[in-house]
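# Tertiary structure, described
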Protein chains: 2
Amino acid sequence: MIHWEAREAAKRVLERCDLLGALSESPDSLCRTFLSPPMREVHKLLLEWMREAGLTAHLDAVGNVRGRLEGIRSSTLVVGSHVDTVPDAGKYDGVLGVLLGIEIARVASQTRPHHSLEIIAFSEEEGVRFGFPFIGSSAVSGSFDPAWLTKVDAAGITLEKSLVQFGLDPLEIPGACIPSSKLLSYFEIHIEQGPVLESLDAPLGVVTGLVGQSRHTLEFSGRAAHAGTTPMNLRRDPLPAAAEFVLEVERLAQNTEGLTATVGRLETVPGAGNVIAGIVKLSLDVRHASDVVRLLSVSKLLESSRHIADTRGLKCSIIGNLEQNAVPCDLAQSSRLVGAVLHGGLTVHRLPSGAGHDAMTFAPLCPVTMLFIRSPGGISHNPLESVLESDVENALEVGATFVCDILEDASA
Amino acid sequence: MIHWEAREAAKRVLERCDLLGALSESPDSLCRTFLSPPMREVHKLLLEWMREAGLTAHLDAVGNVRGRLEGIRSSTLVVGSHVDTVPDAGKYDGVLGVLLGIEIARVASQTRPHHSLEIIAFSEEEGVRFGFPFIGSSAVSGSFDPAWLTKVDAAGITLEKSLVQFGLDPLEIPGACIPSSKLLSYFEIHIEQGPVLESLDAPLGVVTGLVGQSRHTLEFSGRAAHAGTTPMNLRRDPLPAAAEFVLEVERLAQNTEGLTATVGRLETVPGAGNVIAGIVKLSLDVRHASDVVRLLSVSKLLESSRHIADTRGLKCSIIGNLEQNAVPCDLAQSSRLVGAVLHGGLTVHRLPSGAGHDAMTFAPLCPVTMLFIRSPGGISHNPLESVLESDVENALEVGATFVCDILEDASA
């Protein structure tokens, strides 16, 4: 392996996170949605940094910044993450993975590798501007749906018009795709956005897969009535029913290994202190790395909601439903990543990703691997989001070992 | 007792409820707040009806319509209720009691009674326009606070200006007061606004008192976090804690005779399906006819909220608090009302009022009595609010017996 100064590179990465973190749509906090004005400066800096790291760089038709290191063969390892943010964001979510990719490419570009390497800063992953995610990575993986072009943002601007206004040509979107025959592998480094690695005192984690998600909206309905004039025995109050359900959700998840189940939103209607609620609406978010475990758990919870409602003479209905299957990371490539972690002198920790990532759009096409960096306090999507410099250094060493290992593997 | 046609009078009362129910600020529903434009026509009709029933009528300085029958003595029995409404109201809440009062006065005015009688249509009871209730009855009972004159409505108009704009003179408010030395008694007929009488198959109920109320706003706080990336054992989710509390509130009220305890509003913050709540805010409304039972119950519930929060490593704080003591109805006068109910051939049902009424402003000054009329379905503050004609007829007979009995009681 080529000698390089990981410590210096980690400092550079963190300085650049600060620089990009200052490029925002709002004056007091970080918010940088798809193709928003500050994205121009982001592109300029990324193109400059990619070129300086030895890559051939350009902006593609959906606003991804792409830096390529041509290998002996055109089979390509993609290392990517995103540069858009949620409102009131932290400065490491997505951006850190892109900047680490550039530093890894700087190492890889010291020689001409066997396979090609592409570092991609995806233009959109958070789904904020147009209400759906993965616009950038879908164009690269070839799953960009042309119907998306007519979707509108909050200002009524279509996705198509947003591209044109930014100076991009929607007709060139197909050219942004890397044909699956040339996709060797996909690798993403990302902050964990959760408290697991911190609780294990671990700087890095090898991701086993991205969990599947079930999202439901449930409605318990009874009869709104006057809180003062309606005795307890003549009430049909849906809130205690919803309360029983919330506790059942917690109980099942606590007793099912690897399951998360969350009621994050609960609303009483009409919602006045002196009126017994007539309706309670609530969200149910269930995730697990195994689709079977997830779907069985959801089924148990919905059965339980019906039982609770029946017992209390109420109605319970499901008024919204969204299902997304789990995406496992590639076993062979993850073993290779484990090797890189061990090579770096670190203990191996494996964990699922509870959140979605650009990696999901590549999983149907090529082996996908992810490396998580510890999130202090588990804090993310928040200005207090942070990383430890030493963790970034470790991620650089492990990532570089892993990437160079793949790029030089002539058997692949 | 003078012969009169209760059936005919009941029909007239209901027709007049329809007439007044059509006088609204909004085109599609009934909403008639304090001194709103439709109130002028209400005043005109009430003055006309009071005079036609044999009363001397006038509009006082806070917009109360008052009809007086001068007795041998100036000691006065006040029979009143209100003619303002909540938004999207029913047509019987308040208005029915006023119109029944006028019919009762028609009977009483057949002779010159020993005591005087005043039928009052209070201008304001619901607290909608200026955010606090009892403007009308406070002026009559002498508890009108001059500081109220500077309070503003949603349009920024002060109470003082609203009076002047309507053509009333705020300087004459003191003259609207009946000195407590001349207040013989206060009687109010009102719809129950709850399901108790209906569940007992009873047309009428003698009110034992107006319950005391404790209103609190509680806040359980934990730590907002990502619903996907935060395992169950690393969460500090305030919603299951709030759920335990909601069930504890229900349990205590169900096991405490006469207690109502309600969480009517519950809000999760930030309130997104994929974010574990950081804060849950909820309202607690506790009512009982006994202040001791109410305050002990509240104290138990607040202790329980602290215990639940402690057990889960959360914080629970009280961020709002309002206490109103119970107002008992007069025992002797209520016995007299019971006599009138028995005289009407009806079974006696006694119940507390879970809601506030104008009667509360008179309770510190003179004996107060209330008669409730069954509310079909327990429905009130709703266009579906209704009454049965036969119940109105019974209320008229019982009310007239009771009022004439008091007016002729020379021992009082």
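Residues numbered from 1 in each chain as written. Chains lettered and ligands numbered in written order. Predicted model: local features only at pLDDT ≥ 70, side-chain atom pairs only at ≥ 80, totals over all residues. Heavy atoms only, no water.

## Considering the environment of A10 of chain B
Residues and elements named next belong to chain B. Assignment of secondary structure puts A10 in helix 1 (residues 6–21). By relative accessible area, which is 0% here, A10 ends up buried. Apart from residues no more than four positions distant in its own chain, A10 is found in contact with E389, V392, E393 and L396. (Helix = DSSP H or I, 4+ residues; strand = E, 2+ residues; numbered from the N terminus. Buried < 20%, exposed > 50% of the residue type's maximum accessible area, 1.4 Å probe, protein only. Contact = heavy atoms within 4.5 Å.)

## Digging into the relation of the copies chain A and chain B
Note on the identical chains: chain A maps onto chain B by a rotation of 180 degrees and an axial translation of 0.2 Å, with an RMSD of 0.2 Å. The symmetry that links the two subunits is that of a two-fold axis. Using C-alpha coordinates, one finds that chain A approaches the rotation axis most closely at A243 of chain A, a distance of 2.1 Å. Residue by residue, 100% of the interface of chain A is reproduced at the interface of chain B, so both copies engage with the same surface. (Least-squares fit on C-alpha atoms with pLDDT ≥ 70 in both.)

## Some remarks on the pattern of salt bridges
All told, the structure shown has 52 salt bridges over all chains when counted by the stated rule. Note that E250 of chain B is salt-bridged to R312 of chain A, the shortest N-O span being 2.8 Å. In this pair, E250 of chain B sits in helix 7 (residues 238–254) while R312 of chain A sits in the loop between helix 8 (291–311) and strand 13 (315–324), so the two residues belong to two different chains. Judged by its relative accessible area of 13%, E250 of chain B falls in the buried class. Overall, R312 of chain A belongs to the partly exposed group, its relative accessible area being 24%. (Salt bridge = Lys/Arg side-chain N within 4 Å of Asp/Glu carboxyl O.)

## Quick notes on the confidence of the model for chain A
Looking at chain A, the pLDDT average stands at 96 and 99% of residues meet or exceed 70. Complex prediction metrics read pTM 0.88 and ipTM 0.89. (pLDDT = per-residue confidence, 0-100.)

## Some words on the domain arrangement of chain A
All names here are of chain A. Each assigned domain of chain A is listed with its residue range as follows: domain 1 (2–211 + 326–407) and domain 2 (215–324). The interface of domain 1 with domain 2 comprises six residues on the first partner and six residues on the second. The interface formed by domain 1 and domain 2 contains two residue pairs in polar contact (both at pLDDT 80 or more). Taken together, the residues of the side of domain 1 that touches domain 2 sort by class into five nonpolar, one polar and no charged. (Domains from an automatic or database assignment. Polar contact = N/O pair within 3.5 Å; in protein donor to acceptor, adjacent residues only side chain to side chain. Nonpolar A, V, L, I, M, F, W, Y, C, P; charged D, E, K, R; others polar.)

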